[in-house]
Amino acid sequence: MSFLEGWAHHDRWTMRRIAGLLCALIWPLMLAFFLLHGRLSRPFLAAEVAVPCEYRAARPKKA
């Protein structure tokens, strides 16, 4: 039962209603966080140059 349905029926607060309300409030914040994190971390990742595996395997290891 959603928050508004429970409110309309004058039901008590159950763990499911509290968990549902928290999830409804938290997921947009998590989505914004991950989108912002992905947006800000791209410049740092673009600075690294990807080296193909065959070149890495051919280089001698430094002692």
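Predicted, not measured: the structure shown is a model, and the values here were computed from it. (Residues numbered from 1 in each chain as written. Predicted model: local features only at pLDDT ≥ 70, side-chain atom pairs only at ≥ 80, totals over all residues. Heavy atoms only, no water.)

**Q** Is there a simple way to think about the overall build of the chain in this case?
**A** Helix and strand counts for the chain come out as three helices and zero strands. Shown N-terminal to C-terminal, the secondary structure of the chain runs as helices and strands in the order α-α-α. Out of the 63 residues belonging to the chain, those deemed buried represent 3%. (Helix = DSSP H or I, 4+ residues; strand = E, 2+ residues; numbered from the N terminus. Buried < 20%, exposed > 50% of the residue type's maximum accessible area, 1.4 Å probe, protein only.)

**Q** Any chance you could explain unusual backbone geometry here in plain terms?
**A** It is generally the case that most residues other than glycine have a negative phi and that most peptide bonds are trans. Phi at His10 takes a positive value of approximately 55 degrees, unusual for a residue other than glycine. Here His10 shows up in the loop between helix 1 (3-8) and helix 2 (15-46).

**Q** Which parts of the structure should I look at to understand the environment of Trp13?
**A** Relative to the assigned elements, Trp13 resides in the loop between helix 1 and helix 2. You can call Trp13 partly exposed: its relative accessible area is 48%. Taking the C-alpha atoms as reference, Trp13 lies 9.1 Å from Phe3; in sequence the two are ten residues apart. Once you skip the residues sitting within four places of it in the chain, Trp13 turns out to touch Phe3, Ile18 and Leu21. (Contact = heavy atoms within 4.5 Å.)

**Q** Help me out: how do you make sense of the confidence of the model for the chain in this one?
**A** Low pLDDT means the predicted atomic positions in that stretch should not be read closely. Across the chain, the average pLDDT comes to 76, with 62% of residues at 70 or higher. Here helix 3 (residues 53-58) stands out as the least confident element of the chain, with mean pLDDT 61; helix 2 is the most confident, with 83. (pLDDT = per-residue confidence, 0-100.)

**Q** Honestly, the packing of aromatic side chains in this entry has me stumped. Any pointers?
**A** What characterises a pair of aromatic rings is the spacing of the ring centres plus the angle enclosed by the ring planes. All chains considered together, the criterion is met by one aromatic pair. Consider the rings of Phe33 and Phe34, whose centres lie 5.3 Å apart with planes at 65 degrees: the pair is edge-to-face. Look at Phe34 and you get exposed, because its relative accessible area is 52%. (Phe/Tyr/Trp six-rings, centres within 6.5 Å; stacked < 30°, edge-to-face > 60°.)

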